[in-house]
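Structural characterization, general
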Amino acid sequence: MTSSQATAHQTFSPEEHEGAALFLELARVAADLAEREHLRTFTLPYPPAAQLALDHTVSYCLARGHTPPKSVPQLMAWCREHTAGGALFQVPPTLVTSGALLIAPVALLPTRSCWELASVGPSGRVEQEAVRLLADLAARCETPAAYERCRRYLMEHPVIVQQDRMPALPRSRWNRELWSRVKSLYTRIPEHLLSDRALVLCDTCGLPARVKYEAGSGLPARWCERERCPADTPTRRISNPGRALILRCSLRTFLVLPGRTERAALNEFVRAEITHEFVPAGLGAYRVEDAACRSWLMRVDDRRQPAALAARTAETDPDLPDQVLVVAPGELAADPGYRAAFETALGAGRRRRTVLTAPENLVSHLRAGSTPREEERDDA
Ligand SMILES: [Zn+2]
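Notes on the structure in this doc start here. (Residues numbered from 1 in each chain as written. Predicted model: local features only at pLDDT ≥ 70, side-chain atom pairs only at ≥ 80, totals over all residues.)

**Description of the packing of helix α11 (residues 259–272) against helix α15 (residues 359–368)**
Each pair of packed helices can be summarised by the angle the axes make with each other and by the distance between the axes. Packing of α11 against α15 brings their axes to within 8 Å, and their N-to-C directions diverge by 40°. As summarised for this structure, α11 and α15 are arranged oblique, according to the angle between their axes. Relative to α15, α11 is oriented so that their crossing is right-handed. Mapping the contact onto sequence places Thr 261, Ala 264, Ala 265, Glu 268 and Ala 272 in α11 and Pro 359, Leu 362 and Val 363 in α15. (Axes fitted to C-alpha atoms, helices over the stretch in contact; angles between N-to-C directions. Helix = DSSP H or I, 4+ residues; strand = E, 2+ residues; numbered from the N terminus. Parallel < 35°, antiparallel > 145°, perpendicular 65-115°, else oblique. Left-handed = near helix turned anticlockwise from the far one by under 90°. Contact = placed C-beta atoms within 7 Å.)

**A closer look at the packing of helix α2 (residues 18–35) against helix α4 (residues 48–64)**
Where α2 meets α4, the axes come as close as 10 Å, and the angle between the chain directions of the two elements is 150°. Regarding the angle of α2 to α4, the classification is roughly antiparallel. Pair α2 / α4 crosses with left-handed handedness. Where α2 approaches α4, its residues Glu 18, Leu 22, Glu 25, Leu 26, Arg 28, Val 29, Asp 32 and Leu 33 are matched on the opposing element by Ala 49, Ala 50, Ala 53, His 56, Thr 57 and Tyr 60.

**Side note on the sheet that holds strand β9 (residues 235–238)**
In a beta sheet, neighbouring strands pair by backbone hydrogen bonds and run either parallel or antiparallel. What the three strands build is an open sheet, ordered β5-β6-β9; its pairing is antiparallel. With one partner strand each, in any of the chains shown, β5 (194–195) and β9 form the two edges of the open sheet. (Pairing = 2+ DSSP bridges.)

**Things to note about unusual backbone geometry**
Even without being glycine, Asp 196 reaches a positive phi, approximately 50°. A tally of 7 C-beta atoms within 10 Å means that Asp 196 is categorised as exposed. Despite not being glycine, Glu 227 shows a phi value in the positive range, around 65°. With respect to the element layout, Glu 227 can be found in the loop between β8 (221–224) and β9. Look at Glu 227 and you get partly exposed, because 15 C-beta atoms sit within 10 Å. (Buried ≥ 20, exposed ≤ 12 C-beta atoms within 10 Å, placed from the backbone.)

**Examining helix α8 (residues 144–156)**
Compared with the 18 Å implied by 1.5 Å per residue over 13 residues, the 18 Å span of α8 between its first and last C-alpha is a close match. Burial in α8 covers these residues: Tyr 147, Cys 150, Arg 151, Leu 154 and Met 155. Summarising the axial view, the buried residues of α8 lie within an arc of 140°, below the 170-degree limit, and thus occupy one face. Away from the buried face of α8 by more than 90 degrees, exposed residues Ala 145 and Glu 156 are located. Those residues of α8 that are buried lie in contact with α7 (126–140), α9 (176–182), β10 (245–247), α10 (249–256) and α11. (Expected span 1.5 Å × (residues − 1). Arc of directions from axis to C-beta.)

**Some points on the pairing of strand β11 (residues 276–279)**
One ladder, built from four bridges, connects β11 with strand β12 (residues 285–289); its direction is antiparallel. Looking across to β12, one finds that Val 279 is bridged to Ala 285. Count of turn residues in the β11/β12 antiparallel hairpin: five residues, of which Gly 282 carries a positive phi of about 60°.

Laid out in structure tokens, this is it:
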């Protein structure tokens, strides 16, 4: 094990906290059941991992005087009520943000936190699937530039409706060659994403949404996969989604969601005339030099869970160059709690070589040419 891997495990160790270990186990089970469309139907038999998670939850509850859930459906119902930091799990905020739920109550679907936590550690597999699918796509592309075009297409097209696939349309931007490379990454719209047989999409992020009207309440409850779109964002309803296609969930979560932040970062480079090179490995990154000619690897990420982001940063890039820029949406990069949890989970070794920043601060950071180590010394 390299020193960086050892650091990652020492600093993000949910297995040492029983509530956190169970929360992560339930995240993996919820993600798995959702993909099998079992979250709504709860058809038997349940996968062995779900049954095992129920057994673990029952012993956990009995040892603490809580009434345990009686079945897997009841266990999943819990996941939309019990937050990570609540009385049941008591997960420290350095591991998982206190208000995190695994199932979104409005949608009855896994939250972003759930998909992120289901990707952490040796048993993680959601982000890992996205990385594998992108590696396969890169292998199908003849040049890195062709891969970059395909990756950008996926980022900008989480959902394809029939009109998008009509090559006869005048001035159509339909590209048959590109489509032949990416089409296997799309599926028919799964049943659990439909509301009254229609597909509802958020107008801001373009991802599946749900609007729930409850009798007697004022405003309808709203949810979209991005979870951070304004509450009054309109939605678009596709009443006949039979021929629509949707990008696989792992790619929507780990490629589409950071897409707008990546576009903002690249726009900053163009505006400031900073040259950058695309690095196809993993989910994709960029290599860029600062004013002192030092090389940085820039990864763009948009995740709800800062500690999970830090753990994945350390786990997936054991051979990183000395300095890493993690670019996150402005509201996350500026949040002191988010920064603190990210830096704690990175551990001292990695922290000295990593900077968390927002697209709007990227250029000033590169022009200042300071290393995280120097910034740390300045703060001392
Ligand atoms: Zn949205």
